[in-house]
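# Descriptive analysis of the structure
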There are 2 protein chains.
Amino acid sequence: MNDYPLPYYAVIFTSKLSAQTEGYEEMAQKMIELVKKQDGFLGIEAARSSIGITVSYWKSLDGIQAWRENFEHQKAIKWGKKKWYDAYTIRICKVIRQ
Amino acid sequence: MNDYPLPYYAVIFTSKLSAQTEGYEEMAQKMIELVKKQDGFLGIEAARSSIGITVSYWKSLDGIQAWRENFEHQKAIKWGKKKWYDAYTIRICKVIRQ
């Protein structure tokens, strides 16, 4: 619930978990620890009810791109697609007002 | 978890509920019904764990502004500030990629 200097970027990740959640929580925690170390990372907020919404905040699009290409993150994405998620959407946004 | 034609706008509302949640659920449901009738409204996604994240999607900034000025919504905002929320943040974003 922090404010950051404008303009900055938000990645909205919404997901629906499948019935196969084995290993999911552990990987989610690991990704949160890892993303915090990324250049240009500002913060992250997450909540889950019937769907999950995770929003990460970034100084630049370059930071988002580097995180996307991160090797450990790539592995997590692959598992997510294969096993944990029934559906998901990723939106990259420019925050214009807060 | 729908896609919409780019570009469009997202309003990210994050909140921490207070201990006084009387009337909150009813009002939240009412606002969801109401927002769906707004011009330019595309969709809404919500989840709550220790914090709540609600993201609404809009065709234009005008639609967001009109919703903000809606009388019933204004009443809900007033109650929210006074009673239901310990903290909240609203971010208005332009979705640039999905």
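Everything that follows concerns the structure shown earlier in this document.
Residues numbered from 1 in each chain as written. Chains lettered and ligands numbered in written order. Predicted model: local features only at pLDDT ≥ 70, side-chain atom pairs only at ≥ 80, totals over all residues. Heavy atoms only, no water.

## Section: the relation of the copies chain A and chain B
Between chain A and chain B, the superposition needs a rotation of 180 degrees and an axial shift of 0.0 Å, giving an RMSD of 0.0 Å. The superposition of one copy onto the other is thereby described by a two-fold rotation axis. Most of the interface of chain A is mirrored in chain B: 100% of its interface residues are interface residues there too. (Least-squares fit on C-alpha atoms with pLDDT ≥ 70 in both. Contact = heavy atoms within 4.5 Å.)

## Structural notes on helix α3 (residues 71-84) of chain B
Since the α-helix packs 3.6 residues into each turn, any two residues three or four apart lie on the same face. Residue and element names in this part refer to chain B. Counted at 1.5 Å a residue, the expected span for α3 with its 14 residues is 20 Å, and the 19 Å between its end C-alpha atoms agrees. Among all positions of α3, only His73, Ala76, Gly80, Lys83 and Trp84 are buried. All buried residues of α3 project into a common sector of 120 degrees when viewed along the axis, lining one side. Turned more than 90 degrees from where α3 packs its buried face, Phe71, Lys78, Lys81 and Lys82 sit exposed. For α3, the elements touching its buried residues are β1 (8-17), α1 (24-35), α2 (61-69) and β4 (85-97). Among the residues of α3, the N-terminal cap falls to Asn70, whose side-chain oxygen and the backbone nitrogen of Glu72 are separated by 3.0 Å. (Helix = DSSP H or I, 4+ residues; strand = E, 2+ residues; numbered from the N terminus. Expected span 1.5 Å × (residues − 1). Buried < 20%, exposed > 50% of the residue type's maximum accessible area, 1.4 Å probe, protein only. Arc of directions from axis to C-beta. Polar contact = N/O pair within 3.5 Å; in protein donor to acceptor, adjacent residues only side chain to side chain.)

## Some points on the packing of α1 of chain B against α3 of chain B
All names here are of chain B. Contact geometry of α1 with α3 gives a least axis separation of 11 Å together with a crossing angle of 150 degrees. On the basis of their axis angle, the class for α1 and α3 is roughly antiparallel. Considering how the two elements wind past one another, α1 and α3 form a crossing that is left-handed. On the side of α1, the interface is formed by Tyr24, Met27, Lys30, Met31 and Leu34, while α3 contributes Glu72, His73, Ala76, Trp79 and Trp84. In terms of residue class, the contact of α1 with α3 is built from seven nonpolar, one polar and two charged. (Axes fitted to C-alpha atoms, helices over the stretch in contact; angles between N-to-C directions. Parallel < 35°, antiparallel > 145°, perpendicular 65-115°, else oblique. Left-handed = near helix turned anticlockwise from the far one by under 90°. Nonpolar A, V, L, I, M, F, W, Y, C, P; charged D, E, K, R; others polar.)

## Focus on the packing of α2 of chain B against α3 of chain B
Residues and elements named next belong to chain B. Direction vectors running N to C along α2 and α3 enclose 65 degrees, while the axes themselves pass 5 Å from each other. Our classification of the angle between α2 and α3 gives roughly perpendicular. In contact with Trp67, Arg68 and Glu69 of α2, α3 contributes Phe71, His73, Gln74 and Ile77. Its residues assigned to classes, the contact of α2 with α3 shows three nonpolar, two polar and two charged.

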